[in-house]
Amino acid sequence: MTTLAQLAAVIAILGTAVVYGTDTFCALVQRPALAAVDDAALVAVMGNVHRYGDRRMPLPGFIRGG
């Protein structure tokens, strides 16, 4: 049982790290970079980012109601 709890803890920590890393990247890199483009480019880029992400991570998109 201890091994199962440790495995669950490691998975939870790694999942949190992925989310935190993604949020940090978006805050520090993506947001300022996209602030400098026009509306048409912003819509095109973010639409493709979400389409790409939804195909590769369907469960989080489904859980969030996307």
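Up top is the structure.
Structure report, in brief. (Residues numbered from 1 in each chain as written. Predicted model: local features only at pLDDT ≥ 70, side-chain atom pairs only at ≥ 80, totals over all residues. Heavy atoms only, no water.)

Re the overall build of the chain
Looking only at helices and strands, the chain has 3 helices and 0 strands in total. Per-residue burial for the chain yields a buried fraction of 5% across its 66 residues. (Helix = DSSP H or I, 4+ residues; strand = E, 2+ residues; numbered from the N terminus. Buried < 20%, exposed > 50% of the residue type's maximum accessible area, 1.4 Å probe, protein only.)

Comments concerning helix α1 (residues 2-35)
Its 34 residues place the ends of α1 48 Å apart at the C-alpha level, agreeing with the 50 Å of an ideal helix rising 1.5 Å per residue. The sharpest bend along α1 comes to roughly 40°, located at C26. (Expected span 1.5 Å × (residues − 1). Bend = angle between axes of the 7 residues up to and from the residue.)

Remarks on a nonpolar patch on the surface
A contiguous nonpolar patch, built from M1, L4, L7 and I11 and spanning about 500 Å² of accessible area, is present on the exposed surface. By the element assignment, M1 lies in the segment before α1. Judged by its relative accessible area of 82%, M1 falls in the exposed class. (Patch = residues over 30% accessible without salt bridge, like charges linked within 9 Å, V, L, I, M, F, W, Y side chains within 5 Å. Areas by Shrake-Rupley, 256 points an atom, 1.4 Å probe, with all protein chains shown as cover. Salt bridge = Lys/Arg side-chain N within 4 Å of Asp/Glu carboxyl O.)

Comments concerning the packing of aromatic side chains
For the structure on display, the rule yields 0 aromatic pairs. Directly above the ring of Y52 sits R56, whose terminal nitrogen or CZ lies 3.9 Å from the centroid. (Phe/Tyr/Trp six-rings, centres within 6.5 Å; stacked < 30°, edge-to-face > 60°. Lys NZ or Arg CZ within 6 Å of the ring centre and 35° of its normal.)

A few points about the side chain of Q30
By the element assignment, Q30 lies in helix α1. Ignoring sequence-local partners within four residues, the contact set of Q30 consists of F25, M46 and V49. (Contact = heavy atoms within 4.5 Å.)

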